[in-house]
Amino acid sequence: MGFTQKLTGLAAVAASVLGFSGAALAADYTWTFQTSETAGEPGFVNKQKWAADVGTLSGGRIAIEILPIGSVVPHTDTLDAVGAGILQGHLTDPSYFSGKDPAFAMMGNLVGAWSDPFELMGFMQSGGGNELYAELVEPYGVHFIGAAATEPEAFVSRVPIRTVEELKGVKLRAPEGMVFEIFAKAGAAPVSLPGSEIFSALDKGVVDAADNTVFATNQSLGMNDIAHYPLYPGFHSLPMIDISMNKATWDGLPQDLQEILTASVKQFAFNHIYSVRKLDAAAVELAKANPEIEIINWSGDERAKFRRIAQQEWQVWAPKSPMTQRYYDAVTTYLKGRNLL
């Protein structure tokens, strides 16, 4: 069975299980977008709000059903599913598609590059990031509407890690690819585990630390209750969120709906950042109330040391494909020009 046939069958099952509301059935355009979060996570809730806003702004002409990770296809397959029209769109981390082109890894999460989401958003909008990513996904039959970002990801740890030196030998969970390689070069002993296994691995001592997600989510999942030395603010990871849809569907839309979608994504980016920032602040206060938890904030010098290690790995990845080189050249020019490198 071919990939498209397989996805068609999965989509039919998902539609029969999940269904659509009467309002969606009355819309001119009824779409399914899959995300990279589980239902109930702050990011998932914010994406549902975005879909509702699109419905309002379009006067009910567009109805978008937001589905959690894995609802129709695995998270690594949404790019193909969107291009094939099985999903009409996705809101996800491009790093999942690094097997297609290493540029997805660099664009999705340039580890050590950004200390604030608005630095990344600035690069996307004025440093050539939007144009490069749109060019990257277009051959897959996908139209890039726009980018969003989250806060820097926190780091959960069972042991105190106050310096780069103290990363040495630490068994830590890291996703495969660039992030994995950077932690290895920093002296850690990275282990590849799916997100669903992180809590158990920390609890049983299989790993001592984990690169997972933002502080608020880690706190709500109880990570800090078993790993008492979270690192916050994050020093390493700030993923980009790709909001894209099927290109043929986009091309067939009236201009006013294209403009509404583009504007809604820009607004979503700001709303999402500030929403997570507020949740993080509340979660930090909650964690501080637990005398067993010590929140560690790396010094500027230690952050700079880690960034230098990361930058060396960027140079390794840059020649991996023409697009990784172009992205590397653009992002380093942007960072140098704003004294952020």
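Going by the structure above, here's the rest.
Everything quoted here is computed from the prediction, not taken from an experiment.

**Q** How would you sum up the overall build of the protein? Please name residues and give values.
**A** A tally of regular secondary structure across the protein gives 15 helices and nine strands. Its C-alpha radius of gyration of 20 Å places the protein within 12% of the 20 Å reference for a compact globule of 341 residues. Dimensions of the protein, computed from C-alpha atoms along their principal axes, come out at roughly 55 × 40 × 40 Å. Per-residue burial over the protein gives 52% buried out of 341 residues. Sequence-distant contacts, at least 24 apart, represent 76% of the contacts inside the protein between residues at least 6 apart. Only carbon and sulfur atoms are counted for the fraction: they give 53% of the accessible area of the protein, which is about 14200 Å². Charge-centre separation for the protein: the mean point of 25 positive side chains lies 4 Å from the mean point of 37 negative side chains.

**Q** Give me the lowdown on the side chain of threonine 35, citing residues and values where you can.
**A** Counting through the fold element by element, threonine 35 comes out in strand S1 (residues 29-35). One polar contact links the side chain of threonine 35 to the main-chain amide nitrogen of glutamate 37, over a distance of 3.3 Å.

**Q** Let's hear about the sheet that holds strand S9 (residues 240-246): which residues, and what values?
**A** Working definition: the strands of a sheet are paired by backbone hydrogen bonds and lie parallel or antiparallel to each other. Spatial ordering of the open sheet is given by S2-S1-S3-S9-S4, a layout of five strands whose pairing is mixed. Each having just a single partner strand, strand S2 (62-67) and strand S4 (142-149) make up the two edges of the open sheet. The sheet shows a mean angle of 20° between the axes of neighbouring strands, direction not considered. Bridging between S1 and strand S3 (residues 89-92) involves three bridges; their strand directions are parallel. Across the sheet, the residue bridging to glutamine 34 is histidine 90, located in S3. Against the sheet, helix H6 (residues 117-126) engages S4 and S9, with an angle of about 150° to S4. Sheet contacts for helix H7 (residues 129-137): S4 and S9; angle to S4, the most-contacted strand, approximately 140°.

**Q** Pulling in residues and values, what's your account of the nonpolar core?
**A** Among the nonpolar cores identified, the biggest contains 88 residues, and Trp50, Trp114 and Phe306 are the most heavily contacted of them. What tryptophan 50 contacts, discounting residues up to four positions off in sequence, is Phe33, Ile64, Ile66, Leu91, Ile243, Leu261, Ser264, Val265 and Phe268. Residues Ile198, Leu202, Met223 and Ala227 belong to the second largest nonpolar core, which totals nine residues.

**Q** Give me the lowdown on the environment of proline 139, citing residues and values where you can.
**A** Here proline 139 is to be found in the loop between H7 and S4. Judged by its relative accessible area of 68%, proline 139 falls in the exposed class. Residues proline 139 and glycine 83, spaced 56 residues apart in sequence, show a C-alpha to C-alpha distance of 8.9 Å.

**Q** Give a description of the packing of aromatic side chains that names residues and reports values.
**A** Overall, the coordinates contain 21 aromatic pairs when judged by the stated rule. Arranged with centres 5.9 Å apart and planes meeting at 50°, the rings of tyrosine 29 and tryptophan 31 form a pair that is tilted. Ring pairs connect the aromatic residues Phe97, Phe104, Tyr133, Tyr140 and Phe144, which therefore count as one cluster. Above the ring of tryptophan 317, the side-chain terminus of lysine 320 is found at 4.9 Å from the ring centroid.

**Q** Please set out the layout of surface pockets residue by residue, giving values where relevant.
**A** Unoccupied space between atoms shows up once a probe the size of one water molecule is rolled over them. In this structure, the largest pocket encloses a volume near 1300 Å³. Along its surface, the largest pocket is lined by 43 residues, and Ser36, Asp93, Tyr96, Arg173 and Asn212 are the ones closest to its centre. Broken down by element, the residue count for the lining of the largest pocket peaks at three residues, all from helix H3 (residues 42-57). Across the lining of the largest pocket, the residue classes tally to 16 nonpolar, 19 polar and eight charged.

**Q** Please set out the packing of H3 against helix H13 (residues 255-288) residue by residue, giving values where relevant.
**A** Any two packed helices are characterised by how steeply their axes cross, that is the angle between the axes, and by the distance between the axes. Put simply, H3 and H13 touch, their axes get as near as 10 Å, and they point 150° apart. What the angle tells us is that H3 and H13 run roughly antiparallel. Read as a crossing pair, H3 and H13 show a hand that is right-handed. Residues Pro42, Gly43, Asn46, Lys47, Trp50, Val54 and Leu57 of H3 form the contact with H13, whose own contacting residues are Ile260, Leu261, Ser264, Val265, Phe268, His272, Ser275, Val276 and Leu279. Across the contact of H3 with H13, the residue classes break down as ten nonpolar, five polar and one charged.

Here is what the cut-offs are and how they apply
Residues numbered from 1 in each chain as written. Predicted model: local features only at pLDDT ≥ 70, side-chain atom pairs only at ≥ 80, totals over all residues. Heavy atoms only, no water. Helix = DSSP H or I, 4+ residues; strand = E, 2+ residues; numbered from the N terminus. Rg over C-alpha atoms; globule rule 2.2 N^0.38 Å. Buried < 20%, exposed > 50% of the residue type's maximum accessible area, 1.4 Å probe, protein only. Contact = heavy atoms within 4.5 Å. Areas by Shrake-Rupley, 256 points an atom, 1.4 Å probe, with all protein chains shown as cover. Lys, Arg positive; Asp, Glu negative; His and termini not counted. Charge placed at Lys NZ, Arg CZ, Asp CG, Glu CD. Polar contact = N/O pair within 3.5 Å; in protein donor to acceptor, adjacent residues only side chain to side chain. Pairing = 2+ DSSP bridges. Axes fitted to C-alpha atoms, helices over the stretch in contact; angles between N-to-C directions. Core = buried A, V, L, I, M, F, W, Y, C linked by side-chain atoms within 4.5 Å. Phe/Tyr/Trp six-rings, centres within 6.5 Å; stacked < 30°, edge-to-face > 60°. Lys NZ or Arg CZ within 6 Å of the ring centre and 35° of its normal. 1 Å grid on protein atoms, 1.4 Å probe; cavity = no way out; pocket = protein on both sides within 12 Å on 5 of 7 lines; lining within 4 Å. Points joined across faces, edges and corners; volume = space filled by probe spheres on them. Nonpolar A, V, L, I, M, F, W, Y, C, P; charged D, E, K, R; others polar. Parallel < 35°, antiparallel > 145°, perpendicular 65-115°, else oblique. Left-handed = near helix turned anticlockwise from the far one by under 90°.

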